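Fold and geometry: a report
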Amino acid sequence: MKIGILTFHCAHNYGAVLQCYALQETLKSLGHKVEIIDYKPNYLVSPYRSFYSKRLRGCNLLERVKAFVKEFLLMPKRIKRYNAFQSFIKNRLNLSRTVKGKDIPLQYDTYIIGSDQIWNPKITNGFDSVFFGNFNFAKNGRTYISYAASMEAKIIDKETEAYYRKALMNFDALSVREIQLKTLLQPLTEKNIELVLDPTLLADKKIWDKIAERPDIDRKYILVYEVRQDSNTERVAQQLAKEIDAEVIKITAGLNLCYSSNIKQCESPEKFIGWIKYADCIITTSFHGTAFSIIFNRPFYCLKLDDGADTRSASLLNSLSLEDRFIDKTSNLTFTSIDFSEANKRLANMQVKSLTFLINALEK
C-alpha cells in the first residue's frame, strides 16, 4: 500500500521531525511504501528561516536596531542549526514533491494525518483544513486516518465545535494522543476515537539506537531540555547535579547569545537523541523530552508549569504509572532512580494497542 503522511515534518523542532521519522519507519516495517507529503505552510517554516523579518519588530527605532544587532550576532548559530535540521529532513525522511498551497498529491491509497499538534489553532493560525483531510480532489475510495493527533486540550466554543463536527467526518479512522482531547472530541462524532501513542513511543527502540549519536563527554551529566522556559528547571538541575556530582548540559529549543560550552543550541536530531540516551538524569518541560527519557529508561523529572500546556506530559505519565516523576516546579528534590519494569509493561501493551489501531485502519 502507498501511504502519504501529513504532519509537521518541516518544523525545526526535535519532537516534530522525530515523531515524523518514527511513524515513517513503523509503517515501512509493516511493508508499506511511505512518503512524507512535503506540505510546508509558511506558519511552520518562516520562524526557522535564517532571516525572518518578524524578529526585527520593535516599538521604536532603538528596539529595532537592537533586534537587528542580535540577529546579526545569532546568524552563524542560526545557519548551523538550520543546516542540522535540514540534513535530517533531507537524509532521513522520504519526501514527496514539494506541495504548493493545498495541492496535495493524489497518488496515495491512504493518507495518515498526524502526529504532533496538527489541530492546535495557535500553531496553525486558525484551523488548517489540510490537516483535516480537505484536499483539492475528491476522496474516491482513499482512506483518511488521523494518528495521534494533538492540540492543547481545553473547552471549545460553539463555532469551533461546529468546525470539528464537520471536519471529523472526513476520517475513516480517528485517533488522538491525549485522553483529554479524546474526552473533548468524542461527543462531536459517532466514530470511535482511539487513544494511541505518540509515534516516538510506538516505534521500535532499535531505530533510535541506530541513529543516536553518543555525546563527546567523559563525565556524568544531567541534561536539561526545555521548550517552555522556567527558571526552576535550571534550579532543579543544579541542585541534583551537586548531589550526584554531575555536570549540567542544556539543549535549547531556540537560540540565544550565550556561548557556554555546556549550552547546546545547534545539535542535530541525532545528537539530541544521543544526549538523552546517555544522560544520568534528564530535567525537562517537554513532552518529547519526557518520551525519550522513557524510551531509554533514563532517570528523569518533568516539571509541571501550570501554564495550560501540561496535559500532554501528564497524560503520558499517568498512563505509564510514572506520575511521581511529574513534579511541581517549586519542588526541592532528592535524586532517585526509576524502576521501569511496570512502565515498560504498560508501554508494551499500549504499543500493541496503537499498532493494532494502525493495522486495522489500514485494512479498511
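See the structure above.
What you see is a predicted model; the values in this text were computed from it and never measured. Starting afresh in each chain, residues are numbered from 1 along the sequence in its written order. Two thresholds apply to this predicted model, a pLDDT of at least 70 for residue-level local features and 80 or more for giving and counting side-chain atom pairs, whereas whole-chain, interface and lining totals are computed over all residues. Excluding hydrogens and water, the side-chain values take into account all heavy atoms of the structure.

1. So, the packing of aromatic side chains
Two rings from Phe, Tyr or Trp (for Trp, the six-membered ring) form a pair when their centres are within 6.5 Å of each other. A pair whose planes differ by under 30 degrees is stacked, one over 60 is edge-to-face, and the rest are tilted. The tally for this structure, following the rule as stated, stands at 27 aromatic pairs. Aromatic pair Tyr-111 and Phe-137: ring centres 5.9 Å apart, planes at 40°, arrangement tilted. Taken together, the residues Tyr-111 in strand β4 (residues 110-113) and Phe-137 in the loop between β4 and β5 (143-146) connect sequence positions 26 residues apart. Buried, partly exposed and exposed residues are distinguished by accessible area as a fraction of the type maximum, computed with a 1.4 Å probe on protein chains only: under 20%, between the cut-offs, and over 50%, respectively. What makes Phe-137 buried here is its relative accessible area of 17%. Consider the rings of Phe-127 and Tyr-164, whose centres lie 5.2 Å apart with planes at 70°: the pair is edge-to-face. One end of the pair, Phe-127, is in the loop between β4 and β5; the other, Tyr-164, is in helix α4 (residues 158-167), and 37 residues separate them in sequence. Classification of Tyr-164 as buried rests on a relative accessible area of 0%. Ring pairs connect the aromatic residues Tyr-14, Tyr-21, Phe-85, Phe-88, Trp-208, Tyr-225, Phe-272, Phe-292 and Phe-296, which therefore count as one cluster. A run of H or I in DSSP counts as a helix once it spans at least four residues, and a run of E counts as a strand once it spans at least two, with each numbered from the N terminus.

2. Concerning the pattern of salt bridges
By convention in these notes, a salt bridge is any Lys or Arg side-chain nitrogen within 4 Å of a carboxyl oxygen on Asp or Glu. Applying the stated criterion across every chain, the model contains 17 salt bridges. Among the ionic pairs, Glu-161 bridges to Arg-165, the shortest N-O distance being 3.3 Å. Of this pair, Glu-161 and Arg-165 both sit in helix α4, 4 residues apart, which is roughly one turn of that helix. The class of Arg-165 is partly exposed, set by a relative accessible area of 38%. Several salt bridges share partner residues, and in doing so they unite Arg-177, Glu-178 and Asp-198 into one network.

3. Comments concerning the pairing of strand β2 (residues 33-39)
Along β2, 6 of the 7 residues are buried, which leaves the element largely enclosed by surrounding structure. In this description, strands pair whenever DSSP reports at least two bridges between them. Here strand β1 (residues 2-6) runs beside β2; their pairing, made up of 4 bridges, is parallel. Considered in β2, the bridge of Lys-2 is made with Lys-33. A crossover counts as right-handed when, viewed with the strands pointing away from the observer, the path leading from the first strand over the helix to the second turns clockwise. As for the winding sense of the linkage, the β-α-β connection from β1 through helix α1 (residues 14-29) to β2 is right-handed. Across 3 bridges, the pairing between β2 and strand β3 (residues 95-99) is parallel. Among the inter-strand pairings, Asp-38 is bridged to a residue of β3, identified as Thr-98.

4. Examining the pairing of strand β12 (residues 300-304)
Looking along a regular strand, one sees the side chains alternate between the two faces of the sheet. In terms of residue burial, β12 counts as a mostly covered element, since 4 of its 5 residues are buried. As paired elements, strand β11 (residues 281-284) and β12 share 3 bridges and run parallel to each other. For Ile-282, the partnering residue across the bridge sits in β12 and is Phe-300. With helix α10 (residues 287-295) bridging β11 and the parallel β12, this β-α-β connection has right-handed handedness. Summarising the sheet, β12 and strand β13 (residues 326-328) pair through 3 bridges and their orientation is parallel.

5. Observations concerning the environment of Glu-234
By the secondary structure assignment, Glu-234 is in helix α8 (residues 231-244). Taking the C-alpha atoms as reference, Glu-234 lies 7.4 Å from Val-224; in sequence the two are 10 residues apart.

6. A look at the packing of α1 against helix α9 (residues 269-277)
For any two helices packed against each other, the geometry is given by the interaxial angle and the distance between the axes. Orientation of α1 relative to α9, taken along the N-to-C sense of each, is 95°, at an axis distance of 10 Å. The angle between the axes of α1 and α9 places the two elements in the roughly perpendicular class. Contacts from Tyr-14, Val-17 and Leu-18 in α1 reach Pro-269, Phe-272 and Ile-273 in α9. Residues belonging to the contact of α1 with α9 are distributed by class as follows: 6 nonpolar, no polar and no charged. Axis definition: a line fitted to C-alpha atoms, limited for helices to the stretch in contact. Angles are taken between N-to-C directions and run from 0 to 180 degrees. An angle below 35 degrees is treated as roughly parallel, one above 145 as roughly antiparallel, one from 65 to 115 as roughly perpendicular, and anything else as oblique. A contact between two residues is defined here by any heavy atoms of the two lying within 4.5 Å. When residue character is reported, Ala, Val, Leu, Ile, Met, Phe, Trp, Tyr, Cys and Pro are called nonpolar, Asp, Glu, Lys and Arg charged, and the others, Gly included, polar.

7. Remarks on the sheet that holds strand β10 (residues 263-264)
The strand order β10-β9-β8-β11-β12-β13 describes an open sheet built from 6 strands, whose pairing is parallel. Each of the sheet's edge strands pairs with one partner strand only, and the pair in question is β10 and β13.

8. Brief notes about the sheet that holds β2
Across the sheet, 5 strands lie side by side as β3-β2-β1-β4-β5; this open sheet has parallel pairing. The two strands at the open ends of the sheet, each matched to only one other strand, are β3 and β5. Taken pair by pair, the neighbouring strands of this sheet meet at an average axis angle of 25°, ignoring direction. Of the strands in this sheet, β1, β2 and β4 touch α1, which is tilted by about 155° from β2. Contacting β1, β4 and β5, helix α12 (residues 341-363) runs over the sheet at an angle of about 165° to β5.

9. Topic: α9
When you tally the buried positions in α9, you get 8 out of 9 residues, the bulk of the element. The set of residues buried in α9 consists of Pro-269, Glu-270, Phe-272, Ile-273, Gly-274, Trp-275, Ile-276 and Lys-277.

10. Section: the nonpolar core
To form a nonpolar core, buried Ala, Val, Leu, Ile, Met, Phe, Trp, Tyr and Cys residues must be joined to one another through side-chain atoms within 4.5 Å. The biggest cluster of nonpolar side chains holds 63 residues, and the ones touching the most others in it are Tyr-147 and Trp-208. With 8 residues, the single largest contributor to this core is α1. Leu-6, Val-130, Tyr-144 and Val-176 belong to the second largest nonpolar core, which has 37 residues in total.

11. Regarding the state of the cysteines
Here, two cysteine sulfur atoms that lie within 2.5 Å of each other are counted as a disulfide. This model, assessed by the stated rule, comprises 0 disulfides. Note on Cys-281: no disulfide assigned, nearest cysteine sulfur contributed by Cys-302 at a separation of 12 Å. Of the residues examined, Cys-281 reaches a relative accessible area of 0% and is grouped as buried.

Just geometry here; none of it tells us what the structure is for.
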